[in-house]
Amino acid sequence: MLISRRTFGRAAVAAGLLLAAPAFAAEPEQVEIRYLASQGGLAAHELADALGYFKGTGITLKNVGYAQGGPASLFALASGDVELGSAATAAVLNSIAGGNDFVAAYAGNGINKSTESIFYTLEGSPIKSIKDLAGKTIAVNTLGAHLDYTVREALHSVGLPENAAKLVVVPGPQLEQVLRSKQVDIAAFGYWQKTFEGAALKNGPLQKIFGDTDVLGEIAGGFVVLRRDWIKEHPAAAKAFVEKSQEALEYARLHPEETKAVLAKALAERNENPDIAQYFTGYGVREGGKAVPRDLQFWIDILARSGVLKPGQLKAEDILYDPANFTVAGN
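Here's what I pulled together on the structure shown here. (Residues numbered from 1 in each chain as written. Predicted model: local features only at pLDDT ≥ 70, side-chain atom pairs only at ≥ 80, totals over all residues. Heavy atoms only, no water.)

## A look at the overall build of the protein
Within the protein one finds 13 helices and 10 strands. Sorting the 331 residues of the protein into buried and exposed places 50% on the buried side. Split by element, the accessible area of the protein, about 15,900 Å² in all, is 53% carbon and sulfur. For the protein, the separation between the mean place of its 32 positive charges and that of its 36 negative charges on side chains is 3 Å. (Helix = DSSP H or I, 4+ residues; strand = E, 2+ residues; numbered from the N terminus. Buried < 20%, exposed > 50% of the residue type's maximum accessible area, 1.4 Å probe, protein only. Areas by Shrake-Rupley, 256 points an atom, 1.4 Å probe, with all protein chains shown as cover. Lys, Arg positive; Asp, Glu negative; His and termini not counted. Charge placed at Lys NZ, Arg CZ, Asp CG, Glu CD.)

What follows is the structure in structure tokens.
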């Protein structure tokens, strides 16, 4: 078949038009992420949602209730009742060691000198140091999580048995009440409960015994976790979820007053007390909301020391989320 110059020219133009035609990006996968909220606080992914960061990502968040503490959140994740969990680092590692294939998606909170867990007793109490914790009753929000392990490490640091104090579970809103009524010797306000702590201090002075940074240094306090199989099934959504949540952490660091306003609105909508939002001190994470291997390795080493983990059983780099380890369409 002979092709004339005119026919060739028309074909070339047509081909050029096809090449120049804009490529339309595929619509993002629609993914619903169910989660459990925490009383008196707002997780970074909730803040990201309130700020509109998930628009155009295909991600929809759905609050399906409250978690009393991190272990309950992880149990719901393992059972498939939710798509994300949130717990103290030690609790996350314990859960993974127990057979759950979880990935530490992002550091949901951290501790530093402005945002830390503080152990209080009543003003004038003879309890003044970690050594005085032996034989005392300490109110914590849940067992097997951050405050539990902080107490163990604090006691270990002064040469006392890790079980020398008695822990009792008290919901965050009741911590001040049980302390002032002398039902417990000490009340521990977690770094994620600064709103309850602020409200308690407004009602009268309390005596600080120690903060968790005195024992742990500046470190991620806990992680939002996802199931590894879920990330593999939804790699693009997982990547967007983590990145937008970290952007929200950075927003909170740079815009604390605006973040308090968002928190107050969210608490009012959940029929909680919006006035406590004024005591929010931040998420306590590093700039950019990034985690580092030490955030996990610190607790891995402690759990190995106590015999919960075998040496080398877990490695921080195998647990910490890295999008490069999961195939994302178009990458």
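## Description of the side chain of Glu-250
As for its position among the elements, Glu-250 is in helix 10 (residues 235-254). The buried category is assigned to Glu-250, whose relative accessible area is 17%. Within polar-contact distance, the side chain of Glu-250 engages the side chain of Arg-253 at 2.6 Å. Sequence-distant contacts of Glu-250, defined by excluding residues within four places in its chain, comprise Glu-287, Gly-288 and Gly-289. (Polar contact = N/O pair within 3.5 Å; in protein donor to acceptor, adjacent residues only side chain to side chain. Contact = heavy atoms within 4.5 Å.)

## Regarding the pattern of salt bridges
Across all of its chains, the model carries 18 salt bridges by this definition. A salt bridge links Glu-243 to Lys-239; the shortest N-O distance between them is 2.8 Å. Remark: Lys-239 and Glu-243 occur in helix 10; sequence separation between them is four residues, near one turn of the helix. Look at Glu-243 and you get partly exposed, because its relative accessible area is 34%. Connected through salt bridges with shared partners, the residues Glu-46, Arg-270 and Glu-272 form a single ionic network. (Salt bridge = Lys/Arg side-chain N within 4 Å of Asp/Glu carboxyl O.)

## Re the packing of aromatic side chains
What the rule picks out here adds up to nine aromatic pairs. Summarising the aromatic geometry, the rings of Tyr-191 and Trp-192 are spaced 4.6 Å apart at their centres and angled 80° between planes, so their arrangement reads as edge-to-face. When its relative accessible area of 5% is taken as the criterion, Tyr-191 is described as buried. Take Trp-192: its relative accessible area is 21%, and that puts it in the partly exposed class. An angle of 20° between the planes, with centres 5.9 Å apart, marks the rings of Tyr-321 and Phe-326 as stacked. Accessibility assignment for this pair places Tyr-321 and Phe-326 in one class, buried. These aromatic residues form a ring-pair network of at least three members: Phe-54, Tyr-106 and Phe-241. (Phe/Tyr/Trp six-rings, centres within 6.5 Å; stacked < 30°, edge-to-face > 60°.)

## Looking at the environment of Gly-52
For Gly-52, the position within the fold is in the loop between helix 2 (44-50) and strand 2 (59-66). Residue Gly-52 is classed as partly exposed on the basis of its relative accessible area of 23%. A sequence separation of 120 residues divides Gly-52 from Gly-172, and the C-alpha atoms of the two residues are 29 Å apart.

## Quick look at the packing of helix 5 (residues 146-157) against helix 12 (residues 294-305)
Two numbers describe how helix 5 lies on helix 12: the axes approach to 12 Å, and their chain directions differ by 65°. Relative to helix 12, the element helix 5 lies roughly perpendicular. Helix 12 is crossed by helix 5, and the crossing has left-handed handedness. Contacts between helix 5 and helix 12 involve Tyr-149, Thr-150, Glu-153 and His-156 from the first element and Trp-299, Ile-302, Leu-303 and Arg-305 from the second. Of the residues that constitute the contact of helix 5 with helix 12, the class distribution is four nonpolar, two polar and two charged. (Axes fitted to C-alpha atoms, helices over the stretch in contact; angles between N-to-C directions. Parallel < 35°, antiparallel > 145°, perpendicular 65-115°, else oblique. Left-handed = near helix turned anticlockwise from the far one by under 90°. Nonpolar A, V, L, I, M, F, W, Y, C, P; charged D, E, K, R; others polar.)

## A look at helix 3 (residues 70-78)
Those residues of helix 3 not exposed but buried are Gly-70, Ser-73, Leu-74, Ala-76 and Leu-77. In an axial view of helix 3, the angular spread of the buried residues amounts to 160°, which keeps them on one side of the axis. Residues of helix 3 that are buried sit in contact with strand 1 (31-37), strand 3 (84-88), helix 4 (89-97), strand 4 (102-111) and strand 10 (219-227). Gly-80 sits one or two positions beyond helix 3 and adopts a positive phi of about 85°. (Arc of directions from axis to C-beta.)

## Comments concerning the nonpolar core
Ranked by size, the top nonpolar core spans 102 residues in total, and within it Ile-138, Phe-241, Leu-296 and Trp-299 carry the most contacts. The element best represented in this core is helix 10, accounting for eight residues. (Core = buried A, V, L, I, M, F, W, Y, C linked by side-chain atoms within 4.5 Å.)

## Digging into the sheet that holds strand 9 (residues 206-211)
One open sheet accounts for five strands, arranged 7-6-8-5-9; its pairing is mixed. Pairing within the sheet leaves two strands with one partner each, and these edge strands are strand 7 (166-169) and strand 9. Neighbour-to-neighbour, the strand axes of this sheet turn through a mean angle of 30°, independent of strand direction. Across the face of the sheet, helix 5 comes into contact with strand 5 (118-122), strand 6 (137-140), strand 7, strand 8 (186-189) and strand 9 while running at roughly 80° to strand 5. Along the sheet, helix 7 (residues 194-202) makes contact with strand 5, strand 8 and strand 9, crossing strand 5 at roughly 25°. (Pairing = 2+ DSSP bridges.)

## Here's the deal with unusual backbone geometry
A positive phi angle, close to 65°, is found at Lys-182, a residue other than glycine. Inspection of the secondary structure puts Lys-182 in the loop between helix 6 (175-180) and strand 8. If you check the backbone angles, Asn-271 has positive phi at about 60° while not being a glycine. Inspection of the secondary structure assignment puts Asn-271 in the loop between helix 11 (256-269) and helix 12. Taking relative accessible area as the criterion, Asn-271 reaches 75% and is therefore assigned exposed.

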